[in-house]
Amino acid sequence: MDSHPCHLTPIPTLLHLIQDHTNPSSQLEAAKQIRRLTKTSHRCRRQFSSAIKPLVSMLYSHSHEAHEAALLAILNLAVKDENNKIRIVEAGALEPIVSFLQSMDSTMQEHAVAALVTLSASPVKKLAIGASGSIPHLIKILNHGSPQAKMEAIVALSNLSTEPENLTLIIQSNPVPCLVTILKTSKKSSKISERCISLLESLVEFEEGRVSLLLEEGGVLAVVEVLESGSHQSREHAVGTLLTMCQIDRCKYREPILKEGVIPGLLELTVQGTTKSRTKAHTLLRLLRKSPYKRPELESETLESILSNIISQIDGEEQCGNAKKMLAEMVQVSMEQSLRHLQQRALVCSQSDLPITASCTSEVSLK
C-alpha cells in the first residue's frame, strides 16, 4: 500500500510550482515535496511524470541545492517505472548526471551513480547510457569513489554490460585492475564480490581482459579465492571465468591457473556446487590435465584419473597434499550421495509396488 496518498496533496499546485522557472525557491520546495511523495508510492510516480522535464531543467541550473533536490526526485520517479526511466533519458538528464559523476562532492557523486543504476535497469536505454560517456567515469569511481559509490558503480556497469556495445566500451576503459582490487579487499561472499566476478567473467571473453587479469598481481588468485569462498552464484562466475580463459587459450592460461592452487576448490565444486558449477568444474579439470583430449572409450575416464594426472604435475607438497585430501573427501561424499540416492529410488519403486525395471535403474546410474 502507498504510504503517501497523493489525494491528500495538491498535485496540480506542485506541478505548477515545479514548472515556474521565475520562482526558484518555490521550484526547489516543489522538487523536495515530489521527492518525498514518490519515494514509496508508485501511483504518485505516475501522477508526477509530467514533472520530469522541469526537474531535468533544474539539473542544468547553477544551484547545487537545486541539483540535489531535482536529482533525488528524478531518482525516485524512475524506481520501478519503465516509462519514467525512458522519459528521464529522453528529457536530457544524462548529460548533467554524467557531469555529477565527476563531482568532488562525494554525496552528489553517490546520487548520480544511484540514478544511473536505476536508469540502466531499463533495457531500452542501456545503449544511450553507454554512449553518454558515463562508463569511463564509473570505472574511475571503482578506483577512487566512496564504498557506496563503488558498489553502485559495479551494479551500473553490470547492468550496462548486457549490451555488447557497452561491454566493448567497458573493456576499453581497463576495468580489470579495479575489479581485482575490489575482489582482494572485499569479503568473497559479499554482493559486491558477486557483481565483480560476474562482470569479470564477461570481460575475459576479450583478449585485453584475459591479459589484464593475468598481468595484474594476484589477479588469478583473487578469482580462485572467490571460487573457494564465494556465494554459490559467485563461485559459478569464478569457475566460468577460469574456464573461459582455458577454453580460449589453454596453453597460455593452464599453468597460471594451476599455480594458484585451484584444484581443491574445483574438487569441492564438482560435489557441492550448483548444476552449472559442477559441469564447468568437470570441464575445467579436463582442460587442466596434461592432455585435454578425450581418451578412447576403452580407457574409460573417471574424475579420479583426471585429478591424479593433474596432481602429479602440481608443484609444492602443501598444494599437492591439499588436493589429495580434497580428492579423498570428494570421493567419500560422492559415494555417500550416490548411496542415499539409490536408497531413495529403491524406496520409491517399492512403495509403488513396481519391480525395479530398466527405466527405474537408469535414473540412478552413476555418470
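As shown above, the structure is provided for reference.
Read on for an overview of the structure.

**Describing the overall build of the protein chain**
Working step 1: If you tally the helices and strands in the protein chain, you get 23 helices and zero strands.
Working step 2: Long-range contacts, defined here as pairs at least 24 residues apart, represent 68% of the contacts in the protein chain between residues at least 6 apart.
Working step 3: Here the protein chain displays about 18,500 Å² of accessible surface, and carbon together with sulfur accounts for 53% of that area.

**Considerations on the nonpolar core**
Working step 1: Grouped together as the largest cluster of nonpolar side chains are 96 residues, with contacts concentrated most on Leu55 and Leu242.
Working step 2: Setting aside residues up to four positions removed in sequence, leucine 55 forms contacts with Ile18, Ala31, Ala70, Ala73, Ile74 and Leu77.

**Things to note about the pattern of salt bridges**
Working step 1: The full count for this structure, using the stated rule, is eight salt bridges.
Working step 2: Residue glutamate 90 pairs with lysine 125 through a salt bridge whose shortest N-O separation is 3.2 Å. Placement of glutamate 90 in helix α6 (residues 82–90) and of lysine 125 in the loop between α8 (106–119) and α9 (126–131) is noted, with a sequence separation of 35 residues between them.
Working step 3: Judged by its relative accessible area of 13%, lysine 125 is buried.
Working step 4: Here glutamate 225 ties to lysine 188 by a salt bridge, and the two come within 4.0 Å at their closest N and O atoms. Of this pair, glutamate 225 sits in helix α16 (residues 219–229) while lysine 188 sits in the loop between α13 (176–185) and α14 (191–203), placing them 37 residues apart in sequence.
Working step 5: Using a relative accessible area of 28% as the deciding quantity, one classes glutamate 225 as partly exposed.

**Quick look at the side chain of serine 186**
Working step 1: Within the secondary structure, serine 186 is located in the loop between α13 and α14.
Working step 2: Among the polar contacts listed, one links the side chain of serine 186 to the backbone oxygen of isoleucine 182, at a separation of 2.7 Å.
Working step 3: If near-sequence neighbours (up to four positions away) are discounted, serine 186 is found in contact with Ile192 and Ser193.

**Digging into helix α2 (residues 24–37)**
Working step 1: Relative to the 20 Å expected for 14 residues at 1.5 Å per residue, α2 spans 20 Å between its end C-alpha atoms, a close match to the ideal helical length.
Working step 2: Of the surrounding elements, those touching the buried residues of α2 are α1 (11–18), α3 (42–47), α4 (52–59) and α5 (64–78).

**A look at the environment of lysine 126**
Working step 1: Note on placement: lysine 126 falls in helix α9.
Working step 2: Lysine 126 sits 34 residues away from leucine 160 along the chain, and the two C-alpha atoms are 5.7 Å apart.
Working step 3: Residue contacts for lysine 126: discarding those within four places in its chain leaves Ser120, Asn159, Leu160, Thr162, Glu163 and Asn166.

**Examining the environment of proline 175**
Working step 1: When you line up the elements, proline 175 lands in the loop between α12 (164–172) and α13.
Working step 2: For the pair proline 175 and leucine 142, spaced 33 residues apart in sequence, the C-alpha separation works out to 8.3 Å.
Working step 3: Not counting chain neighbours up to four residues away, the residues in contact with proline 175 comprise Ile139, Ile170 and Leu203.

**As for the side chain of serine 122**
Working step 1: Position of serine 122 relative to the elements: it lies in the loop between α8 and α9.
Working step 2: Leaving out residues up to four positions away in the same chain, serine 122 has contacts with Glu82, Lys85 and Ile86.

**Considering the state of the cysteines**
Working step 1: Scanning all chains against the criterion turns up zero disulfides.
Working step 2: In this structure cysteine 178 is a free cysteine whose sulfur lies 9.5 Å from that of cysteine 196, the closest cysteine sulfur available.
Working step 3: As a non-bridged cysteine, cysteine 251 has cysteine 246 as the owner of its nearest cysteine sulfur, 9.4 Å distant.

About the criteria used
Residues numbered from 1 in each chain as written. Predicted model: local features only at pLDDT ≥ 70, side-chain atom pairs only at ≥ 80, totals over all residues. Heavy atoms only, no water. Helix = DSSP H or I, 4+ residues; strand = E, 2+ residues; numbered from the N terminus. Contact = heavy atoms within 4.5 Å. Areas by Shrake-Rupley, 256 points an atom, 1.4 Å probe, with all protein chains shown as cover. Core = buried A, V, L, I, M, F, W, Y, C linked by side-chain atoms within 4.5 Å. Buried < 20%, exposed > 50% of the residue type's maximum accessible area, 1.4 Å probe, protein only. Salt bridge = Lys/Arg side-chain N within 4 Å of Asp/Glu carboxyl O. Polar contact = N/O pair within 3.5 Å; in protein donor to acceptor, adjacent residues only side chain to side chain. Expected span 1.5 Å × (residues − 1). Disulfide = S-S within 2.5 Å.

All quantities given are derived from atomic positions and should not be read as evidence of function.
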